[in-house]
2 protein chains.
Amino acid sequence: MTILKKNSVSDAVIRRLPRYLHKLTELYERGIENASSNFLMEELNISATGIRQDFCNFGEFGQRGCGYNITKMRARIGHILGIDEERHLIIIGVDDLGHALLQNFPFEQNGFRLEAAFDISQSVVGTSVHGITVKPMTELERYAQHHEIDVAVLTTPQVATQDIVTKLIELGVRAFWNFTNVEVPSVDSDVLLENINFADSILHLKYRILND
Amino acid sequence: MTILKKNSVSDAVIRRLPRYLHKLTELYERGIENASSNFLMEELNISATGIRQDFCNFGEFGQRGCGYNITKMRARIGHILGIDEERHLIIIGVDDLGHALLQNFPFEQNGFRLEAAFDISQSVVGTSVHGITVKPMTELERYAQHHEIDVAVLTTPQVATQDIVTKLIELGVRAFWNFTNVEVPSVDSDVLLENINFADSILHLKYRILND
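What you are looking at is a predicted structure, and each value in this text was computed from that prediction instead of being measured.

Caption draft 1: Representation of the overall build of chain A within the structure. Each helix and strand in chain A was counted, giving 8 helices and 11 strands. Seen through its principal axes, chain A has C-alpha atoms that stretch 60 × 45 × 35 Å. Relative to its full complement of 212 residues, chain A shows a buried share of 49%. Once local pairs closer than 6 in sequence are excluded, the contacts in chain A between residues at least 24 apart make up 56%. With an accessible surface of roughly 10,500 Å², chain A has 47% of that area assigned to carbon and sulfur atoms. Within chain A, one finds 20 positive and 28 negative side-chain charges whose respective centroids are separated by 8 Å.

Caption draft 2: Main features of the environment of A:Asp150. Residues and elements named next belong to chain A. Of note, Asp150 is situated in the loop between α6 (140-146) and β9 (151-154). Through-space distance from the C-alpha of Asp150 to that of Ala75 is 23 Å; in sequence the pair is 75 residues apart. Setting aside chain neighbours within four positions, we find Asp150 in contact with Arg87, His88, Val173, Arg174 and Ala175. In this structure the side chain of Asp150 is engaged in a polar contact, spanning 2.7 Å, whose partner is the backbone nitrogen of His88.

Caption draft 3: Local environment of the interface of chain B and chain A. The interface is formed by 58 residues belonging to chain B together with 58 residues belonging to chain A. Between chain B and chain A lies a buried interface of about 5,500 Å² when both sides are counted; carbon and sulfur atoms form 63% of it. Summed over the shared surface of chain B and chain A, the number is 2 salt bridges. Here B:Arg208 ties to A:Glu194 by a salt bridge, and the two come within 3.3 Å at their closest N and O atoms. Listed by contribution, the elements that provide at least two residues to the side of chain B that touches chain A are α1 (11-29), β4 (87-92), α5 (96-104), β9 (175-178), β10 (192-195) and α8 (198-211) of chain B. It is α8(B) that contributes the most residues to the side of chain B that touches chain A, 14 residues altogether. For the side of chain B that touches chain A, the per-class residue count stands at 31 nonpolar, 13 polar and 14 charged.

Caption draft 4: How the structure looks around the packing of aromatic side chains. Summed over all chains, the structure comprises 15 aromatic pairs over all chains. Judged by centre distance (5.4 Å) and plane angle (55°), the ring pair of B:Phe105 and B:Trp177 falls under tilted. You can see B:Phe105 sitting in the loop between α5 and β5 (112-119) and its partner B:Trp177 sitting in strand β9, a full 72 residues away along the chain. By relative accessible area, B:Phe105 is classed as buried at 8%. Ring centres 5.4 Å apart and planes at 75° place the aromatic pair B:Phe118 and B:Tyr143 in the edge-to-face group. Note that B:Phe118 is positioned in strand β5 and B:Tyr143 in helix α6 (residues 140-146), a separation of 25 residues in sequence. On the accessibility criterion, B:Tyr143 (8% relative accessible area) is buried. Connected via pairs of aromatic rings, a cluster forms that spans A:Phe105, A:Phe107, A:Trp177, A:Phe179, A:Phe198, B:Phe105, B:Phe107, B:Trp177, B:Phe179 and B:Phe198. It is B:Arg74 that lies over the ring of B:Tyr28; its NZ or CZ is 4.3 Å from the centre.

Caption draft 5: View of the relation of the copies chain B and chain A. Structural alignment of chain B on chain A gives an RMSD of 0.0 Å, achieved by rotating through 180° and translating 0.0 Å along the axis. What we have between these two chains is a two-fold relation.

Caption draft 6: Geometry of the nonpolar core. Residues A:Phe107, A:Trp177, A:Phe198, B:Phe107, B:Trp177 and B:Phe198 are the most contacted members of the largest nonpolar core, which totals 54 residues. If we skip the residues at most four places from it in the chain, A:Phe198 touches A:Leu97, A:Phe179, A:Asn181, B:Leu101, B:Phe105, B:Trp177, B:Phe179, B:Ile196 and B:Phe198.

Definitions and limits used
- Residues numbered from 1 in each chain as written.
- Chains lettered and ligands numbered in written order.
- Predicted model: local features only at pLDDT ≥ 70, side-chain atom pairs only at ≥ 80, totals over all residues.
- Heavy atoms only, no water.
- Helix = DSSP H or I, 4+ residues; strand = E, 2+ residues; numbered from the N terminus.
- Buried < 20%, exposed > 50% of the residue type's maximum accessible area, 1.4 Å probe, protein only.
- Contact = heavy atoms within 4.5 Å.
- Areas by Shrake-Rupley, 256 points an atom, 1.4 Å probe, with all protein chains shown as cover.
- Lys, Arg positive; Asp, Glu negative; His and termini not counted.
- Charge placed at Lys NZ, Arg CZ, Asp CG, Glu CD.
- Polar contact = N/O pair within 3.5 Å; in protein donor to acceptor, adjacent residues only side chain to side chain.
- Buried area = accessible area lost by both parts, 1.4 Å probe.
- Salt bridge = Lys/Arg side-chain N within 4 Å of Asp/Glu carboxyl O.
- Nonpolar A, V, L, I, M, F, W, Y, C, P; charged D, E, K, R; others polar.
- Phe/Tyr/Trp six-rings, centres within 6.5 Å; stacked < 30°, edge-to-face > 60°.
- Lys NZ or Arg CZ within 6 Å of the ring centre and 35° of its normal.
- Least-squares fit on C-alpha atoms with pLDDT ≥ 70 in both.
- Core = buried A, V, L, I, M, F, W, Y, C linked by side-chain atoms within 4.5 Å.

Given below as structure tokens:
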């Protein structure tokens, strides 16, 4: 078995792994135990060669001519992505988007435990969403002193974002899932920012509409 | 002036343009007229060489030693991304996320006109969000016959997504902004899908937390 060298794998490959994981989970749920790279190619709309190359990065999942073992591959990719290692997560900002994440996003399936939500608005503080009672921002500091926070999800208004990030970094938070469409300025190299920027995405779509 | 060859530009460069546009808009609003690549580098947290190479793809924005003209560059990048060419957009699904987009997303700034919203739920149909009255899904077909739909935004439940996409393609829609976390199977090559997949993003963050 090839030894996994995690850090040598390119970001582009890593970015494709979640798609593979979702697809493998779907196939598993459909009762499919083995699949050829050609079959996966059709399901994933990626070239068979590309799939074989990506999987090569993580050792052997299949035997030549026998296809890929879905259960094994799913467990391995899930492990690489760390879904079996739980991390603690809080949400800052419970407007529509924060509410949608609290209500519907399957944090557990992705290896996160959503433990608290904070907002500044009196109309939201104290309400309960999916079993989480929204706390006032004034309690954030005390909360951080008594709980581990691995990730803060940011759905705050743009004007407030920088101050909140600075505060959270002071409180020891080292990873952010950022929905604010704000470019958070360069922070310490040990702070991780994962941005979901709606505007970037729709501008990319617009470019493709005009040029494809 | 170098002639712009849009289609020869790599997707990675195109994906960076919206960030440049946001930053240039911010600088413009701060009254800055010229900027060196070193200054832009600090603001954007990208190497000065990288910035120069990206901008080379789109012709000259500056004079050697004089930095970049912010207004010109902003107009040019905005034009490349098509924010000055309006397209018609509808939203399918007005749950929390659809509501957040209707209420807060600046479609106009990105060259889109949000013209209608549809939902299946009686509790939402007929309500008005940001001046848009939510229509029932049963009206979709008639709407499409009388209005141009360039993009459909999908915030529908996963189980419903494939049928809705099939229906919309039949009705002539050729671009989708997909928030459903569903892999829409391969469609005609003339149909564009831009996916915002929250699960892919948080799994990528998890990988970085465990490996960086």
